[in-house]
Amino acid sequence: MKQSPGFEEEGKTGMVCLLKRSLYGLKQAAKSWNDAIHTTLMSMQFQQSKADPCLYTKKENGKSHYLLIYVDDLIVASKNDIRLNKGNIEPIF
């Protein structure tokens, strides 16, 4: 990584910026996104499957809801109308 043109400082030629977040397209971006969605789903009382870590389940009022993560997509399955609280998900994603 090199300093951007116009941002070089005298005596600090070997320094670059420290990223405080992962950037889309970098190797760590997928891990960062997965950590964020995992934390969000766990806070919504979903349980991660031991057989498949991409599958999250939730039982609510005797009804089951399934959420599957595939790369950066979510697949939601339920016999009933499930509404993911946008207040929990939207600010993060």
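Going by the structure above, here's the rest.
Just so it is clear, the model here is predicted, and its values are computed rather than measured. (Residues numbered from 1 in each chain as written. Predicted model: local features only at pLDDT ≥ 70, side-chain atom pairs only at ≥ 80, totals over all residues. Heavy atoms only, no water.)

Draft legend 1. Representation of the side chain of His 65. Turning to its location among the elements, His 65 is positioned in strand β3 (residues 63-70). The class of His 65 is buried, set by a relative accessible area of 4%. Here Ser 78 takes part through its side chain, which lies 2.7 Å from a polar atom of the side chain of His 65. (Helix = DSSP H or I, 4+ residues; strand = E, 2+ residues; numbered from the N terminus. Buried < 20%, exposed > 50% of the residue type's maximum accessible area, 1.4 Å probe, protein only. Polar contact = N/O pair within 3.5 Å; in protein donor to acceptor, adjacent residues only side chain to side chain.)

Draft legend 2. Representation of the pairing of β3 in the model. Relative to β3, strand β2 (residues 55-60) runs antiparallel, the two sharing six bridges. Across the sheet, Tyr 56 pairs through a bridge with Leu 67, a residue of β3. A loop of two residues connects β2 with β3, the two strands running antiparallel in sequence, and Asn 61 in this loop sits at a positive phi of about 55°. Where β3 meets strand β4 (residues 73-78), six bridges bridge the pair, whose relative direction is antiparallel. Of the residues in β4, the one forming a bridge with Tyr 66 is Ala 77. The hairpin formed by β3 and β4 contains two residues between the paired strands, and Val 71 there has a positive phi angle of roughly 55°. (Pairing = 2+ DSSP bridges.)

Draft legend 3. Up close: the sheet that holds β3. An order of β1-β2-β3-β4 is seen for the four strands of this open sheet, with the pairing classed as antiparallel. The open sheet terminates on both sides in strands that have one partner only, identified here as β1 (47-48) and β4. The strands touched by helix α1 (residues 29-43) within the sheet are β1, β2, β3 and β4, with β3 carrying the most contacts at an inclination of about 170°. (Contact = heavy atoms within 4.5 Å. Axes fitted to C-alpha atoms, helices over the stretch in contact; angles between N-to-C directions.)

Draft legend 4. Fine view of α1. In this model α1 runs 21 Å from its N-terminal to its C-terminal C-alpha over 15 residues, within 8% of the 21 Å that 1.5 Å per residue would give. Residues of α1 that are buried include every one of Ala 29, Ile 37, Thr 40 and Leu 41, and no others. For α1, the buried positions fall inside an angular range of 95° around the axis, keeping them on one side. Seen from the buried face of α1, the exposed residues on the opposite side, beyond 90 degrees, are Lys 31 and Thr 39. Positive backbone phi, at 70°, marks Gln 45, one or two positions downstream of α1. (Expected span 1.5 Å × (residues − 1). Arc of directions from axis to C-beta.)

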